[in-house]
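# Residue-level structure breakdown
What follows is each chain in one-letter form.
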Amino acid sequence: MQTYQRDFIRFAIERGVLRFGQFTLKSGRVSPYFFNAGLFDSGLALAKLGRFYAAAVVDSGISFDVLFGPAYKGIPLAASTGVALAEHHGIDTPWCFNRKEAKDHGEGGTLVGAPLNGRILIIDDVITAGTAIREVMQIIGAQNAQAAGVLIALDRQERGRGELSAIQEVERDFGIPVVSIVSLQQVLEYLADDAELKQHLPAVEAYRAEFGI
Ligand code: OMP
């Protein structure tokens, strides 16, 4: 695990974004942990979050032309990633986002920001069933642009309906990499190294044994 990944897990736990307990997921599964990116809810937290996403963009080596933040949660994520790439990596990249409702006045349409042209890097929080990402692929396809990859904060590494995870299905179906700042495996390593957090390890390991890929 790289230093920025360890720092990211610590940061997410400190902000209460990554929590341990009992949480019912969209899928109906009861998970011993939950990642709520909406809790990076101050200016400083968002600035730091952008730096972690930017580090992961650079680390991934994915070549792209435009960052895309899907409405709603992807929008501040793509914006803060773009800011951090410019300020900390000297990379000034175009970025854009979509609205959920088309606008029929002013600039009109559902896309805002840089034109959605070329290779698109999608920035999102968590993929579970992959529903949201499939919608984004349609938006990109409709503009004749190509998806270059997807970057999310946490890969939960759990099965979808079949043996593959929703992330693996997206990689297979669209032929693009899906990368994450951290994965469940790294969260487990972090827990194992922390005297206090170690108590959560058995429940998370049991969950992985049941639903993991
Ligand atoms: P899909 O659009 O089906 O891939 O689901 C992604 C959604 O899962 C997120 O936008 C959240 O609503 C939710 N989620 C989390 O945010 N964090 C988690 O740790 C787990 C889930 C989830 O419900 O599976």
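- An unreviewed UniProt entry lists the protein chain under the name Orotate phosphoribosyltransferase, with Phytopseudomonas punonensis as the source organism.
- As its UniProt record puts it under Function (unreviewed entry), the protein chain is described as follows: "Catalyzes the transfer of a ribosyl phosphate group from 5-phosphoribose 1-diphosphate to orotate, leading to the formation of orotidine monophosphate (OMP)."
- In the Pathway (unreviewed entry) part of its UniProt record, the protein chain is described as follows: "Pyrimidine metabolism; UMP biosynthesis via de novo pathway; UMP from orotate: step 1/2."

### Topic: the pairing of strand β2 (residues 30-35)
- Pairing geometry for strand β1 (residues 18-24) and β2, over five bridges, is antiparallel. For Leu18, the partnering residue across the bridge sits in β2 and is Phe35.
- Where β1 hands over to β2, the hairpin turn is made up of five residues, of which Gly28 adopts a positive phi near 95 degrees.

### Remarks on the site of the ligand
- What surrounds the ligand is a group of 13 residues, the closest being Lys26, Phe35, Thr128, Gly130 and Arg156.
- Backbone polar atom of Gly130 to an oxygen atom of the ligand: 2.7 Å apart, as the coordinates give it.
- Contacts to the ligand include Thr131, whose side-chain N or O atom sits 3.4 Å from an oxygen atom.
- Isolated, the ligand exposes 510 Å² of accessible area, and the fraction of that covered by the protein chains is 88%.
- Secondary structure elements with two or more residues in the shell around the ligand: β2 and α4 (131-142).
- Its residues placed into classes, the shell around the ligand shows seven nonpolar, three polar and three charged.

### Looking at the UniProt feature "binding site: orotate" (unreviewed entry) in the protein chain
- Per the UniProt entry, the sites bearing "binding site: orotate" (unreviewed entry) are Phe34, Phe35, Thr128 and Arg156 in this numbering. These residues run over 123 residues, yet every pair of their C-alpha atoms falls within 11.6 Å of each other. The annotated residues named above include Thr128 and Arg156 as those lining the largest cavity.
- Looking at the secondary structure, you find Phe34 in strand β2.
- Phe34 sits in the partly exposed class, given a relative accessible area of 31%.

### Some points on empty space enclosed by the protein
- Counted according to the given criterion, the structure contains one cavity of 30 Å³ or more.
- Of the volumes computed, that of the largest cavity is approximately 60 Å³.
- Forming the walls of the largest cavity are Ile127, Thr128, Asp155, Arg156, Gln157, Glu158, Ser165, Ala166 and Ile167.
- Taken together, the residues that form the lining of the largest cavity break down as three nonpolar, three polar and three charged.

Definitions and limits used
Residues numbered from 1 in each chain as written. Predicted model: local features only at pLDDT ≥ 70, side-chain atom pairs only at ≥ 80, totals over all residues. Heavy atoms only, no water. UniProt positions renumbered as here; feature names shortened; annotations may be inferred. Pairing = 2+ DSSP bridges. Helix = DSSP H or I, 4+ residues; strand = E, 2+ residues; numbered from the N terminus. Near = heavy atom within 4 Å. Polar contact = N/O pair within 3.5 Å; in protein donor to acceptor, adjacent residues only side chain to side chain. Areas by Shrake-Rupley, 256 points an atom, 1.4 Å probe, with all protein chains shown as cover. Nonpolar A, V, L, I, M, F, W, Y, C, P; charged D, E, K, R; others polar. 1 Å grid on protein atoms, 1.4 Å probe; cavity = no way out; pocket = protein on both sides within 12 Å on 5 of 7 lines; lining within 4 Å. Buried < 20%, exposed > 50% of the residue type's maximum accessible area, 1.4 Å probe, protein only. Points joined across faces, edges and corners; volume = space filled by probe spheres on them.

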